[in-house]
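# Fold and geometry: a report
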Amino acid sequence: MTSDDKKRSSLKEDLTCAICCDLFTDPVMLACMHHFCRACISTYWRGLRGPASCPQCRREFPNRQFQTNYLVAGMVEKVKASSSNTYQKNLQKQLKDSLESYRLKREDYLNMIRQDKEKVDIIKRVGAELWGRVQSEFQALRQFLQEEEASVLDQLRREQEAMLEEMGQHLERLQGAVKEAEERMRVLQQAADSTEHTVLVELPEVNFRPSVQVEKEAEIDINAFSSRYMAPLQYITWRRMFKHLKPGPAPLTFDVDTAHPSLCLSRDKTTVVECEEMLPYRRNVKRFVQCINVLGAQGFQSGRHYWEVGVGNKTKWDLGVALEAVNRQARVKLSPENGYWTLRLRNGNEYSAGTQPWTPLPLVSPPQCIGVFLDCEERRVSFYNADSMLLLYSFSDGPQGQAFPFFSTCVSERGQKPQPIRLLHFPLGPI
Ligand SMILES: [Zn+2]
Ligand SMILES: [Zn+2]
């Protein structure tokens, strides 16, 4: 028996007529506050010979009066209804539904816990992989520095040894010369001493040529020696290291053959700008804005590549990577689905990533120079503010197969002088 059942059963007892032992029918209350069915108490009193009394407490009343009790009548109705079959069925259904809904909720929570645990595992696994990757990148730099240091120190040691060797030989020659000079001095002294006693028949040679030739000073340039190592060694090493970066900034050029006819390329193919004489015509076909494009001369399908693009204060552009296979004259949205992974600028400050739909990028400071990173193995295309190397956006569903750097100058607004897009090269000659 549930606690609800217990309550209901004691309420049922309270609402049971002591005469007919059934739930009250049309209940009335006597002055003693006991209740009976109107019919039961009337019949009971009709059978009484003496004064009216309560069959329960035996209290006698001066007259046969009772009061209708609507409150009790209502409660009786409720108890009757709650004991009915339909009510029970409804209640059971409600309980069952509620139970089922909690069971489903619990199932959902358990699923979410499972998913969270899987995510925790993924975070740990990816974190460990990234940890290894970061370590190996820095290890490569450290190894380069260690090798450079060893090489510079080795050269320093060899130069020092060569100079010491030369000084040793110079000293040796000087010792020989001293010895020879002393020998001559001895001979000459002897001759001088003997002239006092005898007439010298034969004079020893006075102006003899010494057999040991010694230059006055060893030809050692200490200044040149120290200058080589008193150099801005960190910068020299950094420049050498820069050339060994993998990937370092690639010196891209534009591909003339893929340039839209209304684009002008510089002689060194590192600058592209809209040809001024084509502007009035192009402004009428503004909807073909993305067709005003050019590819990089170098395509990539393996390895990791990074290049930097100067956009200066241009107010609109699209740039990134395009699959070799795309039709660049077709009017399509620049999105990975169509073979483009791009970043774009419109109206001077509306940056977005070329997803479908666009992903707006709220940038605090407008980048003047964009770094593009293409990792063919990981199929990743990332964009950086090349001045701060702040990551702007990264596509993780990058190209499969040959892809080319992609640039669109867009059509400049009327009255605005077309601004170029430049491929940045680092002036690092051979060291
Ligand atoms: Zn009764
Ligand atoms: Zn009574």
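Keep in mind that what you see is a predicted model, and the values were worked out from it rather than measured.

### Focus: the UniProt feature "domain: RING-type" (unreviewed entry) in the protein
Look at the UniProt record and you will see "domain: RING-type" (unreviewed entry) annotated at residues 17-58. Between the end C-alpha atoms of residues 17-58 the distance is 15 Å, and the span holds 21% helix and 19% strand.

### Comments concerning the coordination of the zinc ion (ligand 2)
Looking at the zinc ion (ligand 2), the protein donor atoms are Cys32 (SG), His34 (ND1), Cys54 (SG) and Cys57 (SG), and they sit 2.1 to 2.3 Å from it. Classification of the site at the zinc ion (ligand 2) as tetrahedral follows from its 4 donor atoms and the range of 103 to 114° in their angles at the metal.

### Some words on a nonpolar patch on the surface
Judged by side-chain polarity, Val134, Phe138, Leu141 and Leu245 come together as a nonpolar surface patch covering roughly 320 Å² of accessible area. Following the sequence through the fold, Leu245 ends up in the loop between helix H6 (233-244) and strand E6 (263-265). Taking the relative accessible area as the measure of exposure, Leu245 reaches 31% and is therefore partly exposed.

### Structural notes on the pairing of strand E15 (residues 380-385)
With 5 of its 6 residues buried, E15 lies for the most part within the structure. Hairpin connection between strand E14 (residues 369-375) and E15: a loop of 4 residues separates the two successive antiparallel strands, and Arg379 in this loop has a positive phi of roughly 50°. Here E15 pairs with strand E16 (residues 390-395) via 5 bridges, running antiparallel. Bridged to Ser382 within E16 is Ser394. What sits between E15 and E16 in their antiparallel hairpin is a turn of 4 residues, with Met389 showing a positive phi close to 55°.

### Observations regarding the state of the cysteines
Counted according to the given criterion, the structure contains 1 disulfide. The disulfide partner of Cys264 is Cys275, and the gap between their sulfur atoms is 2.2 Å. Given an S-S torsion of about 130°, the disulfide between Cys264 and Cys275 has right-handed geometry. Residue Cys264 is located in strand E6, and its partner Cys275 is located in the loop between strand E7 (271-274) and helix H7 (279-284); the two are separated by 11 residues in the primary sequence. Between Cys369, a free cysteine, and Cys410, which holds the nearest cysteine sulfur, the sulfur-to-sulfur gap is 18 Å.

Rules and cut-offs
- Residues numbered from 1 in each chain as written.
- Chains lettered and ligands numbered in written order.
- Predicted model: local features only at pLDDT ≥ 70, side-chain atom pairs only at ≥ 80, totals over all residues.
- Heavy atoms only, no water.
- UniProt positions renumbered as here; feature names shortened; annotations may be inferred.
- Helix = DSSP H or I, 4+ residues; strand = E, 2+ residues; numbered from the N terminus.
- Donors = N, O, S within 2.8 Å, 3.2 Å for Na, K, Ca; no water.
- Tetrahedral: all angles 85-135°; square planar, octahedral: opposite > 155°, others 65-115°.
- Patch = residues over 30% accessible without salt bridge, like charges linked within 9 Å, V, L, I, M, F, W, Y side chains within 5 Å.
- Areas by Shrake-Rupley, 256 points an atom, 1.4 Å probe, with all protein chains shown as cover.
- Salt bridge = Lys/Arg side-chain N within 4 Å of Asp/Glu carboxyl O.
- Buried < 20%, exposed > 50% of the residue type's maximum accessible area, 1.4 Å probe, protein only.
- Pairing = 2+ DSSP bridges.
- Disulfide = S-S within 2.5 Å.

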